[in-house]
Amino acid sequence: MLIRNTSVLSFHNLSIRENTDVCIKGCRIKRVGQNIEPCGEIIDGSGCYLIPGLVNLHSHTAMTLLRGVAEDVSVEDWFNKYIWMYEKNLTPHDVYVGTLLGAAEMLLSGVTFVADHYFYMGEAAKAYLDAGMRADLAWSVFGVGDDWEARYRQALNFTEEFMDHDPRITVSLGPHSLYLCPNDFLTTVVAKAEELELKLHIHISEEEGQVARSLNERGMTPIQALHKMEVLKKGTILAHAYYATDEDLQLIQESGAGVAHCAKTYMRFGDIHDFLPRALEAGVRCGLGSDGPASNSTMSIFEVARDAALLAKCSTRNPRAARIEQMMPLLCNGGEILGIEGYGTIEEGGLADLVLIRPDTPNMQPEHNIFANILYSLGAPNVDTVIVDGEVVVREGHLVKVDLSALYCEAAAAAERLTRAVSGTPMQTY
Ligand SMILES: [Zn+2]
């Protein structure tokens, strides 16, 4: 495949290579240069910008089915009165349908790679492969409740089945959080991850109260507890770490673990904090996450980046916080955090996860600074073509492999059944 005569953008040094051809062979970029001989299908990139595929570093994708069901409530009510009540109704097929809907939304907004942390992940894997998307999948497990052992076994069976299933799917272990995973359980999961050479994906220090409780009960911050249990290491995804102290940030930086920053979710709960500027200052490897659509509404990483920049400026009251050159790498940093060296740079030998942006819409004109336009102005209609693993999965703004009208009907039916009144207690308590 040849993408002809396009402008290649680097999010790492904010450079533009105009009139450039990119030749793709199989799943890799074979050549980047000028006047390259045609090789297979030709995609006309003139007037467009070629960027790396965006990475969503923390998601609960199938929660698309719960979009809009718990608005204007506290975190406690969000979990206990709504989400963990409805998730008692969740079936494997719901996860397939909700994940396919989320994958469709992500691909149409230029996201090619997602780290998904949810339940029934075999169904999620099927949905991502049907849509053509790359995903790292962690089956979310609790270490408490009557059936935790059976659920953990299910998660392990999934990892064994999908470890070498398809090049687009990788698997991780997903202990839910420190507050729902007692030390013994977490230590067992860490040992299992070591044995199977798998990464870990866990929620941590999401809000201020968790840190206070941990200091009270353990005499250490949640991040210090993870450090002690050897959860912090290269490849680990820490979802949020939003209330990491400066000492915590140092520990994270030294360990090489990555943090998924989900700015829109924090703002939805009215939680303004200066995590991102401090983490960037400390040299912590950060990426961006959408979290679930029940708290984030959308799955767009361009939107999360915009919110993250604004949150950083507001929380510090400093317009110099989260500058464009600091923000752009965050759009695709998650690839390297997830273990794909060089992800996010358009170079020979790199993975062919690419997005063509079409800037001929009013919101993107004029072009004083294309990077500013991308960060602060771009919308999903500007995403023209999306390539994952060398395959075109969005062409001229339309999904190649997903029938959206049939999907909307299935999603509506699943969402209605999922939110039918349920009695009793929630599946967990926050
Ligand atoms: Zn989450």
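Each chain has its residues counted from 1, running along the sequence as written. The model is predicted, so local features are restricted to residues of pLDDT at least 70 and side-chain atom pairs to those at 80 or more, both for listing and for counting; the totals for chains, interfaces and linings are taken over all residues.

Quick word on the overall build of the protein
Reasoning step 1: When you go through the protein residue by residue, the secondary structure sums to 16 helices and 17 strands.
Reasoning step 2: For a compact globule of 430 residues, the expected C-alpha radius of gyration is about 22 Å, and the protein comes in at 21 Å, within 12% of that figure.
Reasoning step 3: Here the C-alpha coordinates of the protein stretch approximately 65 × 45 × 45 Å along the principal axes.
Reasoning step 4: Burial is judged by counting the other C-beta atoms within 10 Å of a residue's own C-beta: 20 or more makes it buried, 12 or fewer makes it exposed, and any count in between marks it as partly exposed, with every C-beta position built from the backbone. Expressed as a percentage of its 430 residues, the buried residues of the protein come to 51%.
Reasoning step 5: Pairs at least 24 apart in sequence give 74% of the contacts found in the protein among residues at least 6 apart. A run of H or I in DSSP counts as a helix once it spans at least four residues, and a run of E counts as a strand once it spans at least two, with each numbered from the N terminus. For the radius of gyration, the atom set is restricted to C-alpha positions; the globular benchmark scales as 2.2 Å times the number of residues to the power 0.38. Distance between backbone-placed C-beta atoms decides contact: two residues are in contact if it is within 7 Å.

What to know about the pairing of strand β8 (residues 134–141)
Reasoning step 1: Within β8, eight of the eight residues are buried, which leaves it mostly tucked inside the rest of the structure.
Reasoning step 2: Across the two faces of β8 the burial is the same, with R134, D136, A138 and S140 and A135, L137, W139 and V141 all buried.
Reasoning step 3: Traced from strand β7 (residues 111–118) through helix α3 (residues 121–131) to β8, the parallel crossover comes out right-handed.
Reasoning step 4: When DSSP locates at least two bridges between a pair of strands, those strands are taken to pair. Pairing of β8 with strand β9 (residues 169–175), which is carried by seven bridges, proceeds in the parallel orientation. Counterpart to A135 in the pairing with β9 is I169.
Reasoning step 5: For the crossover from β8 across helix α4 (residues 148–162) to β9, the handedness is right-handed. Clockwise travel from the first strand over the helix to the second, with the strands pointing away from the viewer, marks a crossover as right-handed.

Section: the domain arrangement of the protein
A common way to express how large an interface is: the accessible area buried when the components associate.
Reasoning step 1: For the domain bounds, the source is a domain assignment made automatically or taken from a database. Under the domain assignment used here, the protein contains domain 1 (2–51 + 351–399) and domain 2 (54–337).
Reasoning step 2: Domain 1 and domain 2 are separated by 28 Å when their C-alpha centres are compared.
Reasoning step 3: Counting residues at the interface gives 20 residues for domain 1, matched by 25 residues for domain 2.
Reasoning step 4: Of all the secondary-structure elements, those providing two or more residues to the side of domain 1 that touches domain 2 are α15 (370–376), β15 (383–388) and β16 (391–395).
Reasoning step 5: Just so you know the grouping, Ala, Val, Leu, Ile, Met, Phe, Trp, Tyr, Cys and Pro go in nonpolar, Asp, Glu, Lys and Arg go in charged, and all remaining residues, Gly too, go in polar. Residue composition of the side of domain 1 that touches domain 2, by class: 16 nonpolar, one polar and three charged.

Here's the deal with the environment of L331
Reasoning step 1: Tracing the backbone shows L331 in the loop between α13 (324–327) and α14 (334–337).
Reasoning step 2: Between the C-alpha atom of L331 and that of E230, which follows or precedes it by 101 residues, the distance is 28 Å.
Reasoning step 3: Not counting residues up to four positions away in its chain, the partners in contact with L331 are F11, L54, L288, I301 and A305.

Observations regarding the sheet that holds strand β10 (residues 199–204)
Reasoning step 1: Across the sheet, eight strands lie side by side as β6-β7-β8-β9-β10-β11-β12-β13; this open sheet has parallel pairing. Strands at the two margins of the open sheet, each flanked by one partner only, are β6 (54–59) and β13 (285–288). The average undirected angle you get between the axes of adjacent strands in this sheet is 25°.
Reasoning step 2: Here three bridges tie strand β11 (residues 237–240) to strand β12 (residues 258–261), and the two strands are oriented parallel to one another. The residue of β12 that forms the bridge with A239 is A260. Angular values range over 0 to 180 degrees, each being the angle between N-to-C directions of two axes fitted as lines to C-alpha atoms, with helices fitted over their stretch in contact.

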